[in-house]
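What follows is each chain in one-letter form.
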Amino acid sequence: MIKEILSYQQESSSLEPSSEERALLLEAVAEYANEFLDNLHKLPAYNADNTGIAKLKEKKITDTSDIQSILELLNLSVDTIGINPASGGHLGYIPGGGIYTSALGDYLAAVLNKYAGLHFAAPGAVILENKIIKWVCDLLGFPSGALGNITSGGSIANMIAICTARDKMNISQDISNAVIYYSQQTHHCVNKAAKIAGLAACVYRQIPLDSEYRMDYTCLKRQIEEDLSTGLKPFFIASSCGSTDTGAVDEFSKIASIAKEHNVWFHVDAAYGGFFAMSSAAKSLFEGIQEADSVVLDPHKSLFLPYGAGIIIVKEGEQLFDSFHYMANYLQDAYADGAEVSPADLSPELTKHFRGLRIWIPLQLHGMNSFSAALDEKLLLTKYLYQKLKEIGFEVGPMPHLSVCIYRYTKDISDPNEFNQKLITAIQNDGRIFISSTTIEDVFWIRAAIVSFRTHLDTIDLFINLLQQKIHQLSK
Ligand SMILES: *Cc1c(COP(=O)(O)O)cnc(C)c1O
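*Asks:* Can you break down the site of the ligand residue by residue, with the values?
*Replies:* In the vicinity of the ligand lie 15 residues, with Gly154, Ser155, Asp269, Asp298 and Lys301 positioned nearest. Taking Gly154, its main chain carries an N or O atom lying 2.7 Å from an oxygen atom of the ligand. Between the ligand and the protein, one listed contact pairs a nitrogen atom with a side-chain N or O atom of Asp269 at 2.5 Å. Notes on the ligand: free accessible area 380 Å², of which the protein chains cover 84%.

Set out below in structure tokens:
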């Protein structure tokens, strides 16, 4: 038996590369990453040519490769196709960014493999994550009893919020009488989360928008009062801090007072807009957000980090704990100390990636000022773009609250929807800038979301030139 054990040990030994092998692997990967970053300004923001994918499809998962072949295949079939979210030219949907130093956090988290779900297993890791949550709570003015969790993204964070509200408001017995209030600008993941939370049978009220695409709070108030008078139970208000379509920020103080008066859970989805609270220019938009019961933010959006980081904070932290804390016999040692709350008590996850490191390292290395300056830059670039679009004859939406701008070209155009669709396609085919569209109250709009830390003045000037050039070509 011993011989057999040792022979298996030998056969699987490549799972533990030697020091020299590790150095070669890391050098190859670092070289690839550096070349990507050094050439990023020359790479397109969008490439619709999918032919390179064929090689990946052919490749058998059971065939081994060396690191060079792996990187070549990634380059051919993955990294150069579709949207390039690392590019500053990505102005579609809500761009991320991918700050390099965050990758170093991921690298260390994977190598050290700390068990960040439980304080007993990794007290330092849990304290580090809780410090990030505390910082976010302070940023939004949440009190000391607030708790939160670092999730994989905004969708899961919204789901955690709605589950917590469901349990606290005790509506499971009477789901069909509970009412969820949202607007056309509420992100669809909130509805998806409600469905996952077993709340598909609730009453859903889509509250009309005001002229700035915010949830119209007078309509919200009227609807809640009407629902109460017919015996329904107003349960959950899903408001937005930076809607995906237009970047609209709801009026939190107004909504908070309605929510408080009628005992409704007040939730703010700030997945895109949340970290603009770091910008002094945007600060006033956040007035009243501290009154919310729960808020979601995505560090992989307005904190410019790579994909894979969302945050949920809940004002009365115990409510979050009550919804997600479970005890298992095999974890009895883990709960002998009861000092710090563990992520596993505040989310559906047990074993999890040590996500805190990918947030903490960039914050430590670059400092808060770098982030707030980048956010201020995005806000001003959006104003600049808005102004230029008006100057070159675009019909524009309301003045952007944050860094999403909507516009469409209608001057002497018989079918604006068709023309603007063609304009988007022409820009996408050029590839240097990627933009997307939306439809709001039956009107087709082009969007530009300026959220990447790599989008600068030269990007916006290039974009404006491209628009003028394509309009000229399409109008012929
Ligand atoms: C992106 C986004 C979400 C969804 O978050 P993911 O991180 O993509 O899961 C929710 N709400 C808003 C406003 C968003 O912009």
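This is not the end of the story, as more comes after the structure.
*Asks:* Outline the pattern of salt bridges, supporting the account with residue identities and numerical values.
*Replies:* It is possible for side chains of opposite charge to pair when their charged atoms get near one another. If you walk through the whole model with that rule in mind, you get 17 salt bridges. Salt-bridge contacts for Glu212 lead to Arg214; the nearest nitrogen and oxygen are separated by 3.5 Å. What makes Arg214 buried here is its relative accessible area of 15%. In this structure, Glu349 and Arg355 form a salt bridge, with 2.9 Å as the shortest nitrogen-oxygen distance. For Glu349, a relative accessible area of 26% corresponds to the partly exposed category. Through salt bridges with shared partners, a single ionic network connects Asp210, Glu212, Arg214, Glu251 and Lys254.

*Asks:* So, the environment of Ser65: which residues are in play, and what are the values?
*Replies:* Relative to the assigned elements, Ser65 resides in the loop between helix H3 (53-58) and helix H4 (67-79). A relative accessible area of 30% places Ser65 in the partly exposed class. Residues Ser65 and Ala373, 308 residues apart in the sequence, show an inter-C-alpha distance of 44 Å. Among the polar contacts listed, one links the side chain of Ser65 to the side chain of Lys59, at a separation of 3.0 Å.

*Asks:* So what's going on with the pairing of strand S11 (residues 404-408)? Which residues, and what values?
*Replies:* The buried count for S11 comes to five of five residues, which makes it a mostly enclosed element. As paired strands, strand S10 (residues 395-396) and S11 are joined by two bridges and run antiparallel to one another. Paired with Val396 across the strands is Tyr407, a residue of S11. The pairing of S11 with strand S13 (residues 443-449) spans four bridges and is classified as antiparallel. By the bridge assignment for S13, Tyr407 is matched with Ile446.

*Asks:* Hey, could you go over the sheet that holds S13 for me, with residue numbers and the actual values?
*Replies:* If you trace the four strands from one edge of the open sheet to the other, you get S10-S11-S13-S12, paired in antiparallel fashion. A single partner strand is all that each edge strand has here, and the edge strands are S10 and strand S12 (436-440). Taken together, the five bridges between S12 and S13 define a ladder with antiparallel strand orientation. Residue pairing across strands places Ser436 opposite Arg447, the latter belonging to S13. Against the sheet, helix H14 (residues 416-430) contacts S11, S12 and S13, and its axis sits at roughly 25° relative to S13.

Rules used in this analysis
Residue indices follow the written sequence of each chain, beginning from 1 at its first position. At least 70 in pLDDT is required for a residue's local features to be given in this predicted model, at least 80 for side-chain atom pairs to be given and counted, and no such filter applies to totals for whole chains, interfaces and linings, which use all residues. Each side-chain value is derived from all of the structure's non-hydrogen atoms; neither hydrogens nor water enter the calculation. Near is defined per residue: the residue qualifies when any heavy atom it owns lies within 4 Å of the molecule or strand. Pairs of N or O atoms are called polar contacts if they sit within 3.5 Å, as long as, within protein, a hydrogen donor faces a hydrogen acceptor (for residues adjacent in sequence, only side-chain-to-side-chain pairs). For accessible areas, the Shrake-Rupley method is used with a probe of radius 1.4 Å. Any residue's cover is judged against the shown protein chains and nothing else. Salt bridges are counted wherever a side-chain nitrogen of Lys or Arg sits within 4 Å of a carboxyl oxygen of Asp or Glu. Only protein chains enter the area calculation, which uses a 1.4 Å probe; residues under 20% of their type maximum are buried, those over 50% are exposed, and those in between are partly exposed. Helix and strand assignments follow DSSP, with helices taken as H or I runs no shorter than four residues and strands as E runs no shorter than two, numbered in order from the N terminus. For two strands to pair, DSSP has to find at least two bridges joining them. Should any heavy atoms of two residues lie within 4.5 Å, those residues are considered in contact. Only the stretch in contact is used when fitting a helix axis, every axis being a line fitted to C-alpha atoms; angles between N-to-C directions are given from 0 to 180 degrees.

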